[in-house]
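Given next are the chains, with one letter for each unit.
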Amino acid sequence: LTAPAIDTEIYFAIKVIDNMKNVSTLSNIAETTVKAKILLSEDFETGSSGWTTTGLWHLATSRFNSPVKSFAYNNGTNYDTGARNFGSLTTPEIIVPITALAIIVNFQQWINTETTAFYDVRSLEISNNNGIDWVKYPLNFNVEKIKWISDSMSISGYAGQIVKLRFTFDTMDA
């Protein structure tokens with residue numbers, strides 16, 4: 001089974017077959033609702049407390065999906081510096097509850113990059129040892145560009161751990 005969407009009502013009943021092939025009657029129908037618990041929510045309107053950046057990442061007001069601010073990877077205009085460049089945007093520590101059914105990272109991104117797998121590589125990475133090691137989840141390179149898009153990733157395998165998320169960008173060329 002896959003995790004249901006947040007705030008979804010679920011109805012289920014159970015029928016059991018034992019090792020002698022005896023079949024039980026259908027149990028009473030039970031109901032539950034999967035409630036969302038937000039572990040980290042940022043719009044950067046009051047700054048970027050706890051977030052760290054490298055490369056060209058910076059707070060900007062030129063393009064945003066919240067009232068007036070977002071992080072951008074550029075030099076104020078674009079990311080063409082004449083040489084290969086790369087950088088990362090890292091969250092503060094996030095305590096992931098052990099009891100969560102589904103842990104989903106949802107984020108918005110504005111994309112204006114090359115659409116090949118070899119250049120302008122974006123990824124979302126996760127670390128459960130304070131940034132010593134990172135597991136990389138490449139983001140789809142073949143997406144419609146020049147607009148805000150929503151993306152998400154399950155991190156349910158990190159329940160009960162303290163993690164950091166890192167958004168990366170690498171031009172891969174000059």
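Below or above, wherever it landed, is the structure these notes cover.

Conventions used here
Residues numbered from 1 in each chain as written. Predicted model: local features only at pLDDT ≥ 70, side-chain atom pairs only at ≥ 80, totals over all residues. Heavy atoms only, no water. Helix = DSSP H or I, 4+ residues; strand = E, 2+ residues; numbered from the N terminus. Buried < 20%, exposed > 50% of the residue type's maximum accessible area, 1.4 Å probe, protein only. Contact = heavy atoms within 4.5 Å. Areas by Shrake-Rupley, 256 points an atom, 1.4 Å probe, with all protein chains shown as cover. Core = buried A, V, L, I, M, F, W, Y, C linked by side-chain atoms within 4.5 Å. Polar contact = N/O pair within 3.5 Å; in protein donor to acceptor, adjacent residues only side chain to side chain.

## Focus on the overall build of the protein chain
Alright, step 1. Across its full length, the protein chain holds zero helices and twelve strands.
Alright, step 2. When the helices and strands of the protein chain are listed from N to C terminus, the series reads β-β-β-β-β-β-β-β-β-β-β-β.
Alright, step 3. Each of the 174 residues in the protein chain was classed as buried or not, and the buried ones make up 28%.
Alright, step 4. When contacts within the protein chain are restricted to residue pairs at least 6 apart in sequence, those whose partners lie at least 24 apart make up 66%.
Alright, step 5. Counting every atom, the protein chain has about 11400 Å² of accessible surface; 54% of that belongs to carbon and sulfur.

## Section: the nonpolar core
Alright, step 1. Core analysis: the biggest nonpolar cluster contains 22 residues, and Trp-57, Leu-124, Ile-155 and Phe-167 have the highest contact counts within it.
Alright, step 2. Of all the secondary-structure elements, those providing two or more residues to this core are strand E5 (70-73), strand E8 (104-110), strand E9 (121-127) and strand E12 (162-170).

## Concerning the side chain of Asp-170
Alright, step 1. Inspection of the secondary structure puts Asp-170 in strand E12.
Alright, step 2. Of note is the side chain of Asp-170, whose polar atom sits 2.5 Å from the side chain of Arg-84.
Alright, step 3. Residues in contact with Asp-170, not counting those within four places in the same chain, are Arg-84, Asn-85, Phe-86, Asp-120 and Val-121.

## Things to note about the environment of Thr-52
Alright, step 1. Among the structural elements, Thr-52 can be located in strand E3 (residues 52-53).
Alright, step 2. Residue Thr-52 is classed as partly exposed on the basis of its relative accessible area, which comes to 46%.
Alright, step 3. When the C-alpha positions of Thr-52 and Leu-89 are compared, they lie 5.9 Å apart, and in sequence the two are 37 residues distant.
Alright, step 4. With sequence-adjacent residues up to four places away left out, Thr-52 is seen in contact with Ser-88, Leu-89 and Thr-90.

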